[in-house]
Amino acid sequence: MDLDCESIQREIAATVRRTKEDCPFVPSITNSVTMELVANAQLAAGGSAAMVYLPDEGEGVAAVGESFYINLGTVMPFYAETLPRTVRALHEHRRRWVLDPVAIGIGSLRTELLRCFRAMPPAVVRGNASEIIALANLWGLDTGAAKGGVRGVDATDSVGAARPAAEALASFIDGAVAVSGEWDLVTDGTVTVRSEGGSPLFTKITGAGCSLGGVTAVYLAEASPFIAALTAVQAYNLAGTRAQREAKGPGSFRAAFLDALYRAKPGAIAENPFALI
């Protein structure tokens, strides 16, 4: 499909409408610090959420979920079994999934899990600039980029610096990559988009990025990886902009954001400012 701004907008609006109509079931294995916001954001976007932990749970819901979200923000010892078994089940059942490689490089278990995903990769990778660079390097992709400077869950690299790594990753997985930061980049390896909006208050609440990954997985049940990733980014940038107008601080921003995400109309999400770059 040839993509220009008008056709992308039509696809985004259609994705939002279908999601609200279908309420896709999208399970997650995600950061225990942020799962409540992940679930609420998935519900606000129109999906149905479930949080799972154990190996048999992961395998079971992988077979029935319409897509899946995996976030490595808090890695439990039993994830050494849960995550490989879940990813194998997703691969066997041809279910698409979203990966958020939070805090890549911290600890041997997280590193080994991310390394093993290379053989059965996700449809979408979402992360900050440093995480995207670090994952591309871990998977041995030729990006021409320096090693990502991950500091806990924070980035030390700019979104622009992550573009070669993002495009290489997207081409490798035959899917899409979304990079969050001062502006947002979404690419399928060939088409790359810059999305604007959002709010500085996203950095003052726990789980903004994690929940973005969860909402991306919701849209992935209804659209191609590129359109799903961009729809989620567009929805967050629109809702963040609107929520900031009402918020008095991080607490009220969080509530206003969920309300804005829930109320956002398909056309408004599609028309949030973005450009092909």
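For the structure, check the block above.
To keep things clear, this report deals only with the structure shown in the data block. (Residues numbered from 1 in each chain as written. Predicted model: local features only at pLDDT ≥ 70, side-chain atom pairs only at ≥ 80, totals over all residues. Heavy atoms only, no water.)

## Things to note about the environment of Ala62
Consideration 1: Locating Ala62 in the fold gives a position in helix H3 (residues 55–64).
Consideration 2: The sequence separation of Ala62 and His93 amounts to 31 residues, and the corresponding C-alpha distance is 7.5 Å.
Consideration 3: If near-sequence neighbours (up to four positions away) are discounted, Ala62 is found in contact with Phe68, Thr86, Ala89, Leu90, His93 and Arg95. (Helix = DSSP H or I, 4+ residues; strand = E, 2+ residues; numbered from the N terminus. Contact = heavy atoms within 4.5 Å.)

## Section: the side chain of Thr86
Consideration 1: Assignment of secondary structure puts Thr86 in helix H4 (residues 79–92).
Consideration 2: Excluding its chain neighbours within four sequence positions, the residues that come into contact with Thr86 are Ile29, Gly58, Glu59, Ala62 and Phe68.

## Some thoughts on the packing of helix H2 (residues 35–45) against helix H10 (residues 250–263)
Consideration 1: Interaxial distance between H2 and H10 falls to 8 Å at its minimum, and their mutual angle equals 30°. Between H2 and H10, the interaxial angle falls into the category roughly parallel. Between H2 and H10 the crossing geometry is right-handed. Taken together, the residues of H10 that come into contact with H2 (itself represented by Glu36, Leu37, Asn40, Ala41, Ala44 and Ala45) are Arg254, Leu258, Leu261 and Tyr262. (Axes fitted to C-alpha atoms, helices over the stretch in contact; angles between N-to-C directions. Parallel < 35°, antiparallel > 145°, perpendicular 65-115°, else oblique. Left-handed = near helix turned anticlockwise from the far one by under 90°.)

## Some remarks on the nonpolar core
Consideration 1: Core analysis: the biggest nonpolar cluster contains 55 residues, and Ile8, Tyr219, Phe226, Phe257 and Leu261 have the highest contact counts within it.
Consideration 2: Listed by contribution, the elements that provide at least two residues to this core are helix H1 (5–22), H2, strand S6 (176–180), helix H8 (208–220), helix H9 (225–246), H10 and helix H11 (266–271).
Consideration 3: Among the elements that line this core, the one with the most residues is H9, at 12 residues.
Consideration 4: If sequence neighbours within four positions are ignored, Phe226 has contacts with Leu3, Ile8, Ala176, Val186, Thr187, Asp188, Val191 and Val193.
Consideration 5: By size, the runner-up hydrophobic cluster in this structure holds 39 residues, among which are Ala89, Val125, Ala165 and Leu169. (Core = buried A, V, L, I, M, F, W, Y, C linked by side-chain atoms within 4.5 Å. Buried < 20%, exposed > 50% of the residue type's maximum accessible area, 1.4 Å probe, protein only.)

## As for the pairing of strand S7 (residues 184–187)
Consideration 1: Here S7 shows two buried faces, one formed by Asp184 and Val186 and the other by Leu185 and Thr187.
Consideration 2: Relative to S7, S6 is paired through 3 bridges, and the arrangement is antiparallel. The residue bridging Ala178 from the neighbouring strand is Val186, located in S7.
Consideration 3: Linkage of S6 to S7, two consecutive antiparallel strands, is achieved through a turn of 3 residues.
Consideration 4: Pairing of S7 with strand S8 (residues 192–195) involves 4 bridges; the strand directions are antiparallel. Its bridge partner being in S8, Leu185 is matched across the sheet by Arg194.
Consideration 5: Linking S7 to S8, which pair antiparallel, is a turn of 4 residues; within it Gly189 sits at a positive phi near 100°. (Pairing = 2+ DSSP bridges.)

## Remarks on the packing of aromatic side chains
Consideration 1: With the rule as written, the count across this model stands at 8 aromatic pairs.
Consideration 2: On the basis of an interplanar angle of 25° and a centroid distance of 6.0 Å, the ring pair of Phe202 and Tyr236 is categorised as stacked. You can see Phe202 sitting in the loop between S8 and H8 and its partner Tyr236 sitting in helix H9, a full 34 residues away along the chain. We note that Phe202, like Tyr236, is buried.
Consideration 3: Seen from their ring centres, Phe253 and Phe257 are 6.4 Å apart, and the 20° between their planes marks the pair as stacked. Taken together, the residues span about one helical turn, with Phe253 and Phe257 both in helix H10 at a distance of 4 residues. Phe257 matches Phe253 in its accessibility class, with the two residues each being buried.
Consideration 4: Among the aromatic residues, ring-to-ring pairing joins Phe202, Tyr236, Phe253 and Phe257 into one connected group.
Consideration 5: Over the aromatic face of Trp183 sits the side chain of Arg194, whose NZ or CZ is 4.2 Å from the ring centroid. (Phe/Tyr/Trp six-rings, centres within 6.5 Å; stacked < 30°, edge-to-face > 60°. Lys NZ or Arg CZ within 6 Å of the ring centre and 35° of its normal.)

## Quick look at the sheet that holds S7
Consideration 1: As summarised here, the arrangement of the 9 strands in space is S2-S1-S3-S4-S5-S6-S7-S8-S9, forming an open sheet in which the pairing is mixed. Both outer strands of the open sheet, strand S2 (48–51) and strand S9 (274–276), are each paired with one neighbouring strand and no more. The mean angle between the axes of side-by-side strands here comes to 20°, regardless of whether they run parallel or antiparallel.
Consideration 2: In this sheet, S6 lies alongside strand S5 (residues 124–128) in parallel orientation, the contact comprising 5 bridges. Residue pairing for S6: Asn128 is matched across the bridge by Ser180.
Consideration 3: Together, strand S1 (25–29), strand S3 (68–71) and strand S4 (97–100) form the strand contacts of H4, whose direction differs from that of S3 by roughly 150°.

## Details of H3
Owing to its 3.6 residues per turn, the α-helix brings residues three or four apart onto one side.
Consideration 1: Pro55, Gly58, Val61 and Ala62 are the residues of H3 that are buried. Taken end-on, H3 shows its buried residues confined to a sector of 145°, consistent with a single buried face. Exposed residues pointing more than 90 degrees away from the buried face of H3 are listed as Asp56 and Val64.
Consideration 2: Its buried side turned inward, H3 meets S1, S3 and H4. (Arc of directions from axis to C-beta.)

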